[in-house]
Amino acid sequence: MYYLLIAILYPLSLLPPGILYLLSDTVYVLLYYVTGYRKDVVRDNLVNAFPEKNAKEIEQIMRRFYRSFCDQWIETVKLLSISEYELNKRVKGNWEEFQALDAEGKNTYAMLGHTFNWEWANVACQYNCAQQFAGVYLPVTNKAFDRLMLRIRSRSGSWLISMKAKKSAFQRLNTVRYIVGLMADQNPSVTEVATWLPFMHREAPFFRGAEAMARRAKAAVVFAGIKKTKRGYYEIQLHRFCSDASQVEQGEILQAYVKFIEQQLHDQPENWLWSHRRWKHVKK
């Protein structure tokens, strides 16, 4: 099935962006107007996250979100063949922040959220930093799709570490200077070991692992935001929170990260993955 996926998707990835975005527009119509894919979840999330907005404003954000959502996956397919030059044209960033940390001899934990297009950002990072980039990811249940995503995500030389892997999987990092990228707004399945924090007017559980690992490694912590400047173009905004996580009060990094993500959502509300059930758990 993996080779069948490659046979179908690789030729598709070779199409010009204009045609791919036309395909994205077609999928948008199907998802939004025909199937109504997760519209109840998206609307509930937006209504609770932005209580100050009226029904018309919520509907406008929903439509823009579904367009960005469809673009995200078409652009991910494009990663099968897009050149390094073309990707760097479309993904700009203040990469000098990572370059400065490398010059200081610091390992780094980069915490980002599910803001579009995170797949492009992860691949572009390795092209633009001297350190070894290692992405922590949640494996896809379907093995063929999981193998496909591993191929896409590692195309620039990034290492990938499964969230389900043992701690020993991280020992490979001891041989290099590294940047560990974590989607720190994942929804923990085991909430008993999570930290509950106010997030967009509701409490939500967050993994403690990113902060704990950074503290143990005495590593720098960088918050990474992604801004969509126009269709198919993004700007990575790197903000150094600290140079040594072990010197920061426990819990402070995670609290600051949540506030950082909230600001991202207020700046570009349509550019975050509203279709996932971020608030499905209830604090006991």
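Residues numbered from 1 in each chain as written. Predicted model: local features only at pLDDT ≥ 70, side-chain atom pairs only at ≥ 80, totals over all residues. Heavy atoms only, no water.

Some words on the overall build of the protein
When helices and strands are tallied, the protein shows 10 helices and nine strands. Taking 284 residues into account, the globule formula puts the C-alpha radius of gyration at 19 Å, and the protein, at 19 Å, falls close to it. Along the first, second and third principal axes, the C-alpha set of the protein runs to 50 × 45 × 35 Å. Within the protein, contacts between residues separated by at least 24 positions form 78% of all contacts whose residues are at least 6 apart in sequence. Entry remark: accessible area of the protein is about 13,800 Å², with carbon and sulfur atoms responsible for 54%. Taking the average location of the 39 positive side-chain charges in the protein and that of its 27 negative ones, the two points are 6 Å from each other. (Helix = DSSP H or I, 4+ residues; strand = E, 2+ residues; numbered from the N terminus. Rg over C-alpha atoms; globule rule 2.2 N^0.38 Å. Contact = heavy atoms within 4.5 Å. Areas by Shrake-Rupley, 256 points an atom, 1.4 Å probe, with all protein chains shown as cover. Lys, Arg positive; Asp, Glu negative; His and termini not counted. Charge placed at Lys NZ, Arg CZ, Asp CG, Glu CD.)

Some words on a nonpolar patch on the surface
On the surface, a cluster of nonpolar side chains totalling about 400 Å² of accessible area is made up of Val29, Leu30, Tyr33 and Val34. On the secondary structure map, Leu30 appears in helix α2 (residues 17-35). On the basis of relative accessibility, which here comes to 44%, the residue Leu30 falls in the partly exposed class. (Patch = residues over 30% accessible without salt bridge, like charges linked within 9 Å, V, L, I, M, F, W, Y side chains within 5 Å. Salt bridge = Lys/Arg side-chain N within 4 Å of Asp/Glu carboxyl O. Buried < 20%, exposed > 50% of the residue type's maximum accessible area, 1.4 Å probe, protein only.)

A closer look at the side chain of Arg278
Of note, Arg278 is situated in the segment after α10 (252-267). In this structure the side chain of Arg278 is engaged in a polar contact, spanning 3.0 Å, whose partner is the side chain of Asn187. If sequence neighbours within four positions are ignored, Arg278 has contacts with Asp185, Gln186, Asn187, Pro188, Phe199, Ala204, Pro205, Phe206 and Trp272. (Polar contact = N/O pair within 3.5 Å; in protein donor to acceptor, adjacent residues only side chain to side chain.)

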